[in-house]
Amino acid sequence: MPQQNSAPLHVLRLACSPRGVESESLRLSQQILDRLSRQAGERGLALIDSDLNDLPHADHAYAAALASPNEPDRAHPGSTLQRSDRLIQQLDAADVLLIATPMHNYSVPSTLKAWIDHIVRIRVTFIGTPQGKQGKLRDRPVYVAIASGGLISGEHAQQPDFLCPYLKAALGTVGLHDLHFFSVEGTARGEVALEAARERTVAAVERFFAAQC
Ligand SMILES: Cc1cc2nc3c(=O)[nH]c(=O)nc-3n(C[C@H](O)[C@H](O)[C@H](O)COP(=O)(O)O)c2cc1C
């Protein structure tokens, strides 16, 4: 008989918007979270919520450690290397990664970029090989909830989208390839357009999870 997993589904959610509880991408991520919770059923869901707004950028010590082949085994307490260790452990402990992010200037906001700089780490989450970078993390589902002021996909897209291809490349570097993107687009186009965009996206989320059953 196949073994039932009785441990709760561990979800790590990254909140990347500066807009706190008013964030549209956070709102969309909540709909995905609700669907994951239903999917988890009796197993239950354990959520770690991480707001990236206070995450510092990589600093001098971190850059020096990454550049050195003799990176210390134990990072100094309080250093960005130790922060990176913690963020990587937090990511590795998750069964599912859920990213709630706005588009900022065609790409990820700097909050999310700072997190990526801490978790994409040579010798720890990827290694260099003659064939290129090879990820070391176990693959797992990654859901990306995006909000954008204008349209970024489809034939009516008004601007380039570097966010989705960038996330695919950056997370793929560490071994995360199972990415699923959902977006509420055109949040700056007025209430009526926003409501319609929300409805379309909720329907897309529902279709996706229904197909998983
Ligand atoms: C600094 C900044 C840059 C932005 N750049 C873009 C952009 O390039 N394209 C776009 O469609 N919207 C852009 N927007 C609008 C946001 O993507 C939009 O307001 C989105 O709904 C915000 O999501 P949130 O509520 O989760 O923060 C930008 C907003 C800010 C604050």
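See above for the structure.
Residues numbered from 1 in each chain as written. Predicted model: local features only at pLDDT ≥ 70, side-chain atom pairs only at ≥ 80, totals over all residues. Heavy atoms only, no water.

Asks: Outline unusual backbone geometry, listing residues and values.
Replies: Located in the positive-phi region is N105, a residue other than glycine, with phi close to 45 degrees. Mapping N105 onto the fold places it in the loop between β3 (96–102) and α4 (110–119). Judged by its relative accessible area of 73%, N105 is exposed. (Helix = DSSP H or I, 4+ residues; strand = E, 2+ residues; numbered from the N terminus. Buried < 20%, exposed > 50% of the residue type's maximum accessible area, 1.4 Å probe, protein only.)

Asks: So what's going on with the environment of S17? Which residues, and what values?
Replies: Among the secondary structure elements, S17 is positioned in the loop between β1 (9–15) and α1 (24–40). C-alpha of S17 to C-alpha of V108: the two residues are 91 residues apart in sequence and 10.0 Å apart in space. At 2.9 Å, the side chain of S17 and the backbone nitrogen of R19 are in polar contact. (Polar contact = N/O pair within 3.5 Å; in protein donor to acceptor, adjacent residues only side chain to side chain.)

Asks: Hey, could you go over the side chain of T201 for me, with residue numbers and the actual values?
Replies: Here T201 shows up in helix α6 (residues 191–212). Ignoring anything within four residues of it in the chain, the contact list for T201 reads L28, F182, S183 and V184. (Contact = heavy atoms within 4.5 Å.)

Asks: Which residues make up the packing of aromatic side chains, and what are the values?
Replies: According to the stated counting rule, one finds four aromatic pairs in the structure shown. Plain terms: the ring middles of F182 and F208 are 5.6 Å apart, the flat faces sit at 80 degrees to each other, and that makes the pair edge-to-face. Separated by 26 residues along the polypeptide, F182 in strand β7 (residues 179–185) and F208 in helix α6 bring together distant segments of the chain. The same class applies to F182 as to F208, namely buried. (Phe/Tyr/Trp six-rings, centres within 6.5 Å; stacked < 30°, edge-to-face > 60°.)

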